[in-house]
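Here are the chains, one letter per residue:
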Amino acid sequence: DALPIWCVQQKATNKPVNLIQAKNTTNYGLFASYIWLGGISIMLIQLALQLVSIKALARSATKVSTPFSRLATYVHPKVQSPMLIGIVNPKIILPVNFNQLNAQEQQAIINHEQYHHQRGDLQCNLLAYGVLCLFWFNPICWLAYRRFRDDQELACDAHVTQSLSKQQKTSYSQ
């Protein structure tokens, strides 16, 4: 279906003649917007699924008492590495073999997780993930997000190890 843009009249018949016609075309901007919103939706669904999984993990974890922790501390058999969860009600979840470590190693691990809490890393992670959701299509944003998360870990490790001896630092890094 042609849409007349410019009309003139023929001299002999006095009928309008279309000089330029525009065709109905695909709206690529709208199509790209749907793809972009679809990507955001997928990322937000992933975030919601992770939240549900972490809540289930926290509910089934066993509370433990540690003299080094100011936060509620739990152990869970599915946890392979210590983690801080919960923005409103923060908790540290530890692997079940945590009690096999010596007191200094336990304290260093707890201090690492508490420093994440002190720095507000979970809130920053949520904000960074929100930005990543908006720019999910940009590979540089994925690299920046990964680097941001790695830098958080390095900052906490540096804080914890600054007062440790060389042998303790070696033990902590393993």
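Note: the structure precedes this text.
Residues numbered from 1 in each chain as written. Predicted model: local features only at pLDDT ≥ 70, side-chain atom pairs only at ≥ 80, totals over all residues. Heavy atoms only, no water.

A. Structural view of the sheet that holds strand S5 (residues 83–85). Strand order in the open sheet formed by four strands is S3-S4-S6-S5, and the pairing between neighbours is mixed. The open sheet is flanked by strand S3 (62–64) and S5, the only strands paired with a single partner. On average, each strand axis in the sheet is inclined to that of its neighbour by 35 degrees, with strand direction left out of account. Of the pairings in the sheet, the one linking S5 to strand S6 (residues 91–95) comprises three bridges and is antiparallel in character. Along S6, the bridge assignment pairs Leu84 with Ile92. Sitting on the sheet, helix H1 (residues 28–60) touches S3, strand S4 (72–76), S5 and S6, and the angle it makes with S5 is about 105 degrees. (Pairing = 2+ DSSP bridges. Helix = DSSP H or I, 4+ residues; strand = E, 2+ residues; numbered from the N terminus. Axes fitted to C-alpha atoms, helices over the stretch in contact; angles between N-to-C directions. Contact = heavy atoms within 4.5 Å.)

B. Summary view of the packing of aromatic side chains. In this structure the tally under the stated criterion is three aromatic pairs. A network of ring pairs unites the aromatic residues Phe135, Trp136 and Phe137 as a single cluster. (Phe/Tyr/Trp six-rings, centres within 6.5 Å; stacked < 30°, edge-to-face > 60°.)

C. Looking closely at the side chain of Asn125. The residue Asn125 is located in helix H3 (residues 121–134) in this model. You can call Asn125 buried: its relative accessible area is 11%. Beyond its immediate chain neighbours, meaning those up to four positions away, Asn125 contacts Tyr145, Phe148, Arg149 and Gln152. (Buried < 20%, exposed > 50% of the residue type's maximum accessible area, 1.4 Å probe, protein only.)

D. Broad picture of the environment of Pro90. Summarising the element assignment, Pro90 is placed in the loop between S5 and S6. A sequence separation of 27 residues divides Pro90 from His117, and the C-alpha atoms of the two residues are 7.7 Å apart. Not counting residues within four places of it along the chain, the set of residues in contact with Pro90 comprises Leu71, Ala72, Leu84, Ile85 and His117.

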